[in-house]
Amino acid sequence: MNYILFFPDELRAETLSCYGNSKINTPNFDRLAREGVQFDQCHVQNTVCSPSRVSLFTGQYVHTNGHRTLWNLLQPHEHNMMRYLKDAGYEVRIYGKNDVLSQEAIPLSTDEFINHPTKTTKRPEPINGYGYDFLYDPVEGDYTDHNDYQNLKAGMDFIKSRKEGDKPFVLFLPLVMPHCPYTIQEPYYSMYSEEDIPELRPEGTNKPIFHGLIRQYRELKDANFKKIQAIYMGMTSFMDQLLGELMDCVKEAGIEDETMLFASADHGDYAGDYNLVEKWPSGCEDVLTRVPLIVRAPGCKAGHKVAEQVELFDIMATVLEDAGIECKHTHFARSLAPQLAGGKGDPDRAVFCEGGYNPNEPHCNEGIHKRQTAFMNSPQFVYYPKGLQQKEHPESVGRATMLRTLDYKLVKRSFKDNELYDLKADPLELNNVYGDDAYAGIQAELEQRMLQWYVDTSDCVRTEEDPRGVTPDSF
């Protein structure tokens with residue numbers, strides 16, 4: 001079996017037509033859903049690229065592996081899905097942005113890892129000031145100039161180069177779009193108008209402090225949030241175009257019956273909802289945690305939809321079980337094989353997401369520090385407000401843990417700002433009822449469940465053993 005992982009960045013589930021968006025045109029995601037299995041409630045383990053991807057590769061939660069930041073990537077001593085597959089004889093190719101493997105771990109887990117650049121084009125200009133709202137003019141050129149297309153093309157060229165008798169392969173395509181800034185080449189930039197956008201989620205009541213601070217630091221008072229979401233939808237349609245080309249390539253290569261194709265994402269994006277843009281390290285709203293997960297596999301029940309919750313890192317357990325590879329490390333992912341065969345999920349399963357960092361972890365901060373160039377520390381840099389906010393208001397990015405059932409969501413934070421939502425009565429998460437007497441019993445039950453989860457997953461003991469005695473060559 002071959003395995004292909006098509007992974008846009010910041011693609012939330014609800015923006016796709018197969019997940020209920022009647023205003024967008026994403027026919028290839030629809031096609032994949034008809035031919036495969038669609039998971040309605042797949043949630044990520046972190047709402048920032050690197051930690052989410054590390055959890056995907058390891059099947060471990062953020063608090064069990066310590067990979068909480070953009071810069072702490074997998075090390076050579078750490079087990080991960082790609083290394084298991086490479087060691088088992090698979091050809092492993094990755095084309096796209098990294099955000100998962102340290103430089104030393106790359107050759108141990110892949111046969112080729114390249115991020116092809118965008119073909120030379122004029123850099124788009126922000127529409128407003130320094131672009132703190134991430135709203136930019138369209139990118140010049142054709143969509144085939146974009147580095148996402150260049151990386152997709154590298155993957156398709158690899159598929160086309162395959163010969164009978166070659167080793168089975170793993171192709172991971174970690175793409176950029178629909179990541180901020182909100183811009184793309186035509187015709188995608190103007191594909192949707194503000195009139196196509198229904199009313200966005202309003203700011204809500206009793207929300208965490210970081211909501212208001214993001215609006216303040218990014219100067220979002222007069223931002224055009226509907227235009228932002230319209231362009232975000234255009235960027236999503238660009239991803240749909242690439243998925244369609246990939247699916248056609250697999251079909252033309254005659255390997256559909258021996259290839260498992262996953263389409264998902266690292267995490268979502270506010271895209272104007274709650275009068276916010278981008279994402280936040282300790283944000284746990286569904287627009288950030290809920291991503292598409294559509295899997296087409298030989299013998300799967302085509303058109304099957306799974307309503308029950310799953311976690312993004314379940315992909316790891318699914319692939320390794322299918323490949324017959326035994327894990328040599330402790331993980332918490334569950335194989336999705338029963339659902340791919342047409343079964344239901346676990347209706348009582350809770351999913352978890354963690355993020356943020358505390359003041360005693362300044363090395364985690366995304367803000368102003370030695371990693372960045374002088375320009376990146378300048379107010380002209382589009383991420384400058386984010387770093388400045390984390391530096392001046394560390395309480396706004398403190399640690400957070402989310403527990404979500406099908407009916408309720410609890411978020412516990414290190415700096416108060418706790419959240420509780422009744423997802424049946426309030427699916428848009430507008431009314432935070434944490435501390436409300438009417439929900440005291442539910443709150444206590446969820447907090448106890450979160451505590452038990454921490455007890456059960458608090459650390460992962462290595463399966464390798466070390467000799468206890470002292471030997472002559474110890475000195």
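Everything below is about the structure shown above.
Below, the structure is looked at part by part. (Residues numbered from 1 in each chain as written. Predicted model: local features only at pLDDT ≥ 70, side-chain atom pairs only at ≥ 80, totals over all residues. Heavy atoms only, no water.)

### Things to note about the overall build of the protein chain
- Of the regular secondary structure elements, the protein chain holds 13 helices and 12 strands.
- Against the compact-globule benchmark of 23 Å for 475 residues, the protein chain has a radius of gyration of 22 Å, which places it among compact chains.
- In terms of principal-axis extent, the alpha carbons of the protein chain reach across some 60 × 60 × 50 Å.
- Looking at the protein chain as a whole, 59% of its 475 residues are labelled buried.
- Carbon and sulfur atoms make up 49% of the accessible area of the protein chain, which totals about 19,400 Å². (Helix = DSSP H or I, 4+ residues; strand = E, 2+ residues; numbered from the N terminus. Rg over C-alpha atoms; globule rule 2.2 N^0.38 Å. Buried < 20%, exposed > 50% of the residue type's maximum accessible area, 1.4 Å probe, protein only. Areas by Shrake-Rupley, 256 points an atom, 1.4 Å probe, with all protein chains shown as cover.)

### Quick look at the sheet that holds strand β9 (residues 351-355)
- Reading across from one edge, β9-β10-β11-β12 is the order of the four strands in this open sheet, with antiparallel pairing throughout. With one partner strand each, in any of the chains shown, β9 and β12 (419-422) form the two edges of the open sheet. For this sheet, the mean inter-axis angle between neighbouring strands, taken without regard to orientation, is 10°. (Pairing = 2+ DSSP bridges. Axes fitted to C-alpha atoms, helices over the stretch in contact; angles between N-to-C directions.)

### Focus: the nonpolar core
- Counting residues in hydrophobic clusters, the biggest one holds 114 residues, and the most contacted among them are L85 and L246.
- Tallying contributions element by element places helix α8 (residues 225-252) first for this core, with 15 residues.
- Excluding residues within four positions of it along the chain, L85 makes contact with Y3, Y90, V92, V170, V319, L320, A323 and I325.
- One finds F332, F352, L410 and W453 within the second-largest nonpolar core, a separate group that totals 16 residues. (Core = buried A, V, L, I, M, F, W, Y, C linked by side-chain atoms within 4.5 Å. Contact = heavy atoms within 4.5 Å.)

### Let's talk about the packing of helix α6 (residues 147-161) against α8
- Orientation of α6 relative to α8, taken along the N-to-C sense of each, is 5°, at an axis distance of 10 Å. Put simply, α6 runs roughly parallel to α8. Touching D148, Y149, L152, M156, I159 and K160 of α6 are F238, M239, L242, E245, L246, C249 and V250, all from α8.
- Split into classes, the residues belonging to the contact of α6 with α8 amount to 10 nonpolar, no polar and three charged. (Parallel < 35°, antiparallel > 145°, perpendicular 65-115°, else oblique. Nonpolar A, V, L, I, M, F, W, Y, C, P; charged D, E, K, R; others polar.)

### Notes on the side chain of D266
- With respect to the helices and strands, D266 occurs in the loop between β6 (259-263) and α9 (286-289).
- The exposure class of D266 is buried, given its relative accessible area of 0%.
- Apart from the residues within four sequence positions on either side, D266 is in contact with F7, P8, D9, V44, N46, C49, S52, R53, K97, V291 and L312.

### What about empty space enclosed by the protein?
- Taken as a whole and assessed by the stated rule, the structure comprises three cavities of 30 Å³ or more.
- The space that makes up the largest cavity amounts to roughly 60 Å³.
- Among the residues making up the lining of the largest cavity, the classes are represented as four nonpolar, four polar and five charged. (1 Å grid on protein atoms, 1.4 Å probe; cavity = no way out; pocket = protein on both sides within 12 Å on 5 of 7 lines; lining within 4 Å. Points joined across faces, edges and corners; volume = space filled by probe spheres on them.)

### Regarding unusual backbone geometry
- Backbone torsion omega between M177 and P178 reads 0°, so that peptide bond is classified as cis.
- Along the chain, the position of P178 falls in the loop between β5 (169-174) and α7 (209-217).
- E186 connects to P187 through a cis peptide bond whose omega is 10°.
- Looking at where P187 falls in the secondary structure, it is placed in the loop between β5 and α7.
- A positive phi angle, close to 60°, is found at N275, a residue other than glycine.
- Locating N275 in the fold gives a position in the loop between β6 and α9.
- For N275, a relative accessible area of 23% translates into the label partly exposed.
- Located in the positive-phi region is E278, a residue other than glycine, with phi close to 60°.
- Along the chain, the position of E278 falls in the loop between β6 and α9.

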